[in-house]
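# Breakdown of the fold
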Amino acid sequence: MTTAVARPVVLDDWSYLPCPRGPRARRLVCFPHAGGDVGTFTELAVAAGPGVEVLAVRLPGRGGRYTDPLPGTFAELMSAVAAGVGPRLGPHAVFYGQSFGALLAYEVAVALGPKGPAAVVAASAPAPADWERAVRPVAADPAAGAERLLAECGLTVPDDDAVRAMVLAVLRADIAVGATYRHRPGPPARFAVHALTGAADSGASPPGTWANTTTGPFTSAVLPGGHLLVAPGDPGPADLLRTLCLGARSDHHDR
């Protein structure tokens with residue numbers, strides 16, 4: 001007997017539920033990679049199980065928000081996402097972001113402070129202090145960088161010139177926004193940080209470089225997979241993310 005899957009729900013401009021689970025489920029807020037959209041997290045939302053509800057962040061300039069302009073700077077994007085998803089978190093939420101989405105997830109969590117998540121899972125990304133140096137070669141030539149990222153992510157694009165041009169345009173826009181990020185050293189976060197990378201990701205930064213981003217619990221792991229641990233058709237480390245969500249506590253809120 002097949003279990004029925006709830007229909008997706010668009011909550012607002014910023015929030016999409018690929019598989020609604022109800023008010024008692026823990027929220028796993030997912031931030032897409034550069035050029036990515038909410039469809040990346042459909043299989044993860046199903047595989048996470050009834051106790052975890054994936055909320056995928058809807059970024060402007062793609063998918064259902066194709067006509068909405070992407071903010072010109074990372075700081076503007078971060079502030080807009082924080083204002084959009086902050087009221088949707090619920091208790092003990094966990095953030096998951098990969099590549100560009102990992103940096104965005106972390107900075108949004110920092111911006112939200114005590115109202116933010118209990119933990120951030122950062123996958124396939126250099127730590128904030130290393131971001132500018134790591135992305136400089138890609139940002140120097142956004143057109144070539146977009147082609148390179150498309151290949152590294154292992155994403156297939158339909159054999160259609162118009163579709164390919166659209167995908168590359170979104171990638172270039174995200175690269176340009178990511179290149180405006182400037183790390184400003186400050187007190188480490190208090191929420192838990194779990195850094196992940198794929199064993200087959202040849203350009204990956206060591207996940208242990210995220211250790212200095214928090215005074216809370218920190219773990220790191222190298223998992224099977226490439227640059228994108230979660231991808232369309234692939235739920236990625238669903239079991240690990242479910243375990244983190246169901247075990248998440250917001251102790252940092254009470255310090």
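What you see is a predicted model, and the numbers here were worked out from it, not measured in a lab.

### A closer look at the pattern of salt bridges
- One pass over the structure, following the stated rule, counts 6 salt bridges.
- A salt bridge links Arg65 to Asp68, with the nearest nitrogen and oxygen atoms 2.9 Å apart.
- On the basis of relative accessibility, which here comes to 7%, the residue Arg65 falls in the buried class.

### Observations regarding the sheet that holds strand β6 (residues 119-123)
- Here 8 strands make up an open sheet; going across it, the order is β1-β2-β4-β3-β5-β6-β7-β8 and the pairing mixed. Whereas interior strands pair on both sides, the edge strands pair on one side only; in this sheet they are β1 (9-10) and β8 (218-223).
- Sheet topology note: the strand β3 (residues 26-31)/strand β4 (residues 52-57) ladder contains 5 bridges and is parallel. Looking at the pairing, Cys30 lines up with Ala56 of β4.

### Quick word on the layout of surface pockets
- Of the pockets and cavities examined, the largest pocket occupies roughly 680 Å³.
- Around the largest pocket sit 32 residues that line it, and Tyr106, Glu107, Val110, Arg184 and Pro187 are the ones nearest its centre.
- Put simply, the parts of the chain that give the lining of the largest pocket at least two residues each are α2 (74-85) and α3 (100-112).
- Of all the elements, α3 adds the most residues to the lining of the largest pocket, at 4 residues.
- Grouping the constituent residues of the lining of the largest pocket by class yields 16 nonpolar, 10 polar and 6 charged.
- Roughly 520 Å³ of internal volume is contained in the second largest pocket.
- Contributing to the lining of the second largest pocket are 27 residues, with Ser99, Val135, Val138, Leu149 and His227 lying nearest its centre.
- Going through the elements one at a time, α4 (131-140), α5 (142-153) and α6 (161-178) are the ones with two or more residues in the lining of the second largest pocket.
- At 6 residues, α4 tops the list of elements feeding residues into the lining of the second largest pocket.
- Across the lining of the second largest pocket, the residue classes break down as 15 nonpolar, 8 polar and 4 charged.

### Digging into the confidence of the model for the protein
- Of the residues in the protein, 94% have a pLDDT of 70 or more, and the chain-wide mean is 91.
- Segment residues 251-255 is flagged for pLDDT under 50; beyond a separation of four residues in sequence, or across chains, it makes 11 contacts in the model.

### A word on the side chain of Thr40
- With respect to the helices, strands and loops of the structure, Thr40 is situated in the loop between β3 and α1 (42-47).
- Within polar-contact distance, the side chain of Thr40 engages the backbone oxygen of Asp37 at 3.1 Å.
- When residues no more than four places from it in sequence are discounted, the contact partners of Thr40 are His33, Gln98, Val230, Ala231 and Pro232.

### Description of the state of the cysteines
- On inspection of all chains with the given rule, the structure shows 0 disulfides.
- Of all cysteine sulfurs, the one in Cys30 lies closest to Cys19, which takes part in no disulfide; the gap is 12 Å.
- On the basis of relative accessible area, Cys19 is assigned to the buried category, the value being 2%.
- The structure places no disulfide on Cys245, whose sulfur is separated from the nearest cysteine sulfur, that of Cys30, by 8.1 Å.
- Given a relative accessible area of 0%, Cys245 falls into the buried group.

### Structural notes on the packing of α2 against α3
- Where α2 contacts α3, the axes come no closer than 9 Å and their chain directions differ by 60°. α2 and α3 meet at a crossing whose hand is right-handed. For the pair α2 and α3, the contacting residues are Phe74, Leu77, Met78, Val81 and Ala82 in the first and Phe100, Leu103, Leu104, Glu107, Val108, Ala111 and Leu112 in the second.
- Taken together, the residues of the contact of α2 with α3 break down into 11 nonpolar, no polar and 1 charged.

### Side note on α4
- Taken residue by residue, α4 has Trp131, Val135 and Val138 as its buried positions. All buried residues of α4 lie within an arc of 50° about the axis, which places them on one face of the element. Opposite the buried face of α4, by more than 90 degrees, sit the exposed residues Arg133, Arg136, Pro137 and Ala140.

What counts as what
- By convention here, each chain's residues receive numbers from 1 onward along its written sequence.
- In keeping with the model being predicted, local features are shown solely for residues with a pLDDT of at least 70 and side-chain atom pairs are shown and tallied solely at 80 or more, while totals for entire chains, interfaces and linings include all residues.
- With hydrogens and water stripped out, all remaining heavy atoms of the structure feed into the side-chain values.
- When a carboxyl oxygen of Asp or Glu lies within 4 Å of a side-chain nitrogen of Lys or Arg, that pair is called a salt bridge.
- Residue burial is assigned from relative accessible area. The probe radius is 1.4 Å, only protein chains are included, and a residue is buried under 20% of its type maximum, exposed over 50%, and partly exposed in between.
- Note on pairing: DSSP must find at least two bridges between two strands before they are called paired.
- The helix and strand labels rest on DSSP assignments: H or I over at least four residues marks a helix, E over at least two residues marks a strand, and numbering proceeds from the N terminus.
- Buriedness for pockets is judged along seven lines, at least five of which must meet protein on both sides within 12 Å for an open set on the 1 Å grid over protein atoms alone, while cavities are sets there where a 1.4 Å probe fits but cannot get out, and lining residues have an atom within 4 Å of a point.
- Grid points are joined across faces, edges and corners, and a volume is the space filled by probe spheres set on the points.
- By the convention adopted, Pro, Cys, Tyr, Trp, Phe, Met, Ile, Leu, Val and Ala count as nonpolar, Lys, Arg, Asp and Glu as charged, and the other residues, Gly among them, as polar.
- Each residue carries a pLDDT value, the predictor's own confidence for that position, ranging from 0 to 100.
- Here a residue-residue contact requires only that any non-hydrogen atoms of the pair lie within 4.5 Å.
- Pairs of N or O atoms are called polar contacts if they sit within 3.5 Å, as long as, within protein, a hydrogen donor faces a hydrogen acceptor (for residues adjacent in sequence, only side-chain-to-side-chain pairs).
- Counting rule for disulfides: a pair of cysteine sulfur atoms within 2.5 Å.
- Here the axes come from fitting lines to C-alpha atoms, over the contacting stretch only for helices, and the angles between their N-to-C directions go from 0 to 180 degrees.
- Left-handed describes a crossing whose near helix is turned anticlockwise from the far helix through less than a right angle; right-handed describes the clockwise counterpart.
- Arc definition: it is the arc formed by the directions from the helix axis to the C-beta atoms.

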